[in-house]
Amino acid sequence: GALPIYEGKILLANEPAGKMLRLENLKEGSNIFSYFRDEQSKLSDFFKTILTEGGKNIVREFDLSEGEYKRFAKTQTASVKTDKNEVIGTVSVFRDITLEKEIDEMKDAFVHSITHDLRNPLTSIMGFMDLIMLKKAGDLTEKQERYLSSMQKEAQRLLGMINDILDVAKLEAGRMTLNISKTNVNFIISNALEALGGTAMKKNIRLEKVVPEKSVTVNADGEMLQRVIINLMGNSLNYTPRGGTITVTGRD
């Protein structure tokens, strides 16, 4: 079919919008498309979309960076109507989101740092502790074994915290992959109680579970589900007074 005729008349424009979009001297009454160069085709396409889909609420993000100049903007549109509901134009509000993008990049770099600079050496430390516990480096006294066992548990807890941070980052980025399989719920709850048993003992808090005699099996990511329960129990341990009881209840 025939290409639509783009009018693109600027009814109103303020100075900050011109600076943000790097379109200098935006003049009311002029045509918006006369300001674009080839490298700004994304913006040009955006304004064409406004004209062809008039009346729709359009939300877009734009990378307006050039070389070392970094600038990101987010825009949202709304129709301008008369009292008789006649559309007489579209208003586009642009918001500078450069700082938000830079913070996201810093967060990604931080997560990457955790992955390589913290998790890998910790995994190595845990491996050497396993070798020592297996007495590959000589015999151990009973006290040394007890201390080393405590170190292993704390290292495992630290690795769990690092994995939690990574999982949150994956969830926010939409990159979380779930491993769904038949999962024994009673087993997961028992593991969670065992994982926090040492912390509960230090605070003199009793951990109990109330679950069906015949365990329920569900299709789920068992490791993730267990981590959810441990996180909830961890909150309970923080706010339960000494001598208290925490009960984990499961039902079909």
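Read on for an overview of the structure. These numbers come from a predicted model, not from an experiment. Every chain's residues receive numbers from 1 upward, in the order its sequence appears when written. Under the rules for a predicted model, residues below a pLDDT of 70 receive no local features and side-chain atom pairs below 80 are neither given nor counted, while totals for whole chains, interfaces and linings still include all residues. Where side-chain values are given, they derive from all heavy atoms of the structure, hydrogens and water being excluded.

### Re the nonpolar core
Cut-off, in case you're wondering: The criterion is simple. A nonpolar core is a set of buried Ala, Val, Leu, Ile, Met, Phe, Trp, Tyr and Cys residues joined through side-chain atoms within 4.5 Å. We call a residue buried when its accessible area falls under 20% of the maximum for its residue type, exposed when it is over 50%, and partly exposed in between, using a 1.4 Å probe and counting protein chains only. For helices the rule is a DSSP run of H or I covering at least 4 residues; for strands it is a run of E covering at least 2, with both sets numbered from the N terminus onward.
Residues Leu23, Ile32, Phe36, Leu43, Phe46, Phe47 and Phe94 are the most contacted members of the largest nonpolar core, which totals 18 residues. Of all the elements in the fold, those that place two or more residues in this core are α1 (15-21) and α2 (41-52). Looking at this core element by element, the count peaks at four residues for α2. Judged by nonpolar contacts, the second largest core, of 12 residues, contains Ile188, Ala200, Ile229 and Met233.

### Some thoughts on the packing of aromatic side chains
What counts is decided by this rule: Stacked, tilted and edge-to-face are the three classes applied to pairs of Phe, Tyr and Trp rings, where Trp contributes its six-membered ring and a pair requires centres within 6.5 Å; stacked means planes under 30 degrees apart, edge-to-face means over 60, and tilted covers the rest.
Taken as a whole, this structure holds five aromatic pairs when the rule is applied. Arranged with centres 5.2 Å apart and planes meeting at 65°, the rings of Phe46 and Phe47 form a pair that is edge-to-face. Given the relative accessible area of 14%, Phe47 is considered buried. Counting every residue linked through ring pairs, the aromatic cluster contains Phe46, Phe47, Phe62 and Phe94.

### Let's talk about the environment of Arg146
Considering the arrangement of structural elements, one finds Arg146 in helix α4 (residues 142-173). Taking the C-alpha atoms as reference, Arg146 lies 40 Å from Glu172; in sequence the two are 26 residues apart.

### Re the packing of helix α5 (residues 185-195) against helix α7 (residues 222-239)
Selection rule: Think of each axis as a best-fit line through the C-alpha atoms, taken over the contacting stretch in the case of a helix, with angles from 0 to 180 degrees between the N-to-C directions. Orientation categories follow fixed angle ranges, with anything under 35 degrees roughly parallel, anything over 145 roughly antiparallel, 65 to 115 roughly perpendicular, and all other angles oblique. Each helix crossing is assigned a hand: it is left-handed if the near helix lies turned anticlockwise from the far helix by less than a right angle, otherwise right-handed if that turn is clockwise. Should any heavy atoms of two residues lie within 4.5 Å, those residues are considered in contact. Residues are grouped as follows: nonpolar covers Ala, Val, Leu, Ile, Met, Phe, Trp, Tyr, Cys and Pro; charged covers Asp, Glu, Lys and Arg; every other residue, Gly included, is treated as polar.
Where α5 contacts α7, the axes come no closer than 9 Å and their chain directions differ by 45°. On the basis of the axis angle, α5 is oblique to α7. Viewed along their axes, α5 and α7 form a crossing whose handedness is right-handed. Residues Ile188, Ile189, Asn191, Ala192, Leu193 and Ala195 of α5 pack against Gly222, Leu225, Gln226, Ile229, Ile230 and Met233 of α7. Each residue belonging to the contact of α5 with α7 can be placed in one class, and the counts come to nine nonpolar, three polar and no charged.

### Some points on the pattern of salt bridges
Stated formally: One speaks of a salt bridge when a side-chain nitrogen belonging to Lys or Arg is within 4 Å of a carboxyl oxygen belonging to Asp or Glu.
Within this structure, the stated rule accounts for eight salt bridges. For Glu61, the salt bridge identified is with Lys101, shortest N-O distance 3.0 Å. With Glu61 in strand β1 (residues 59-63) and Lys101 in helix α3 (residues 98-133), this residue pair connects regions lying 40 residues apart in the sequence. The class for Glu61 is partly exposed, based on a relative accessible area of 44%. Taking the relative accessible area as the measure of exposure, Lys101 reaches 27% and is therefore partly exposed.

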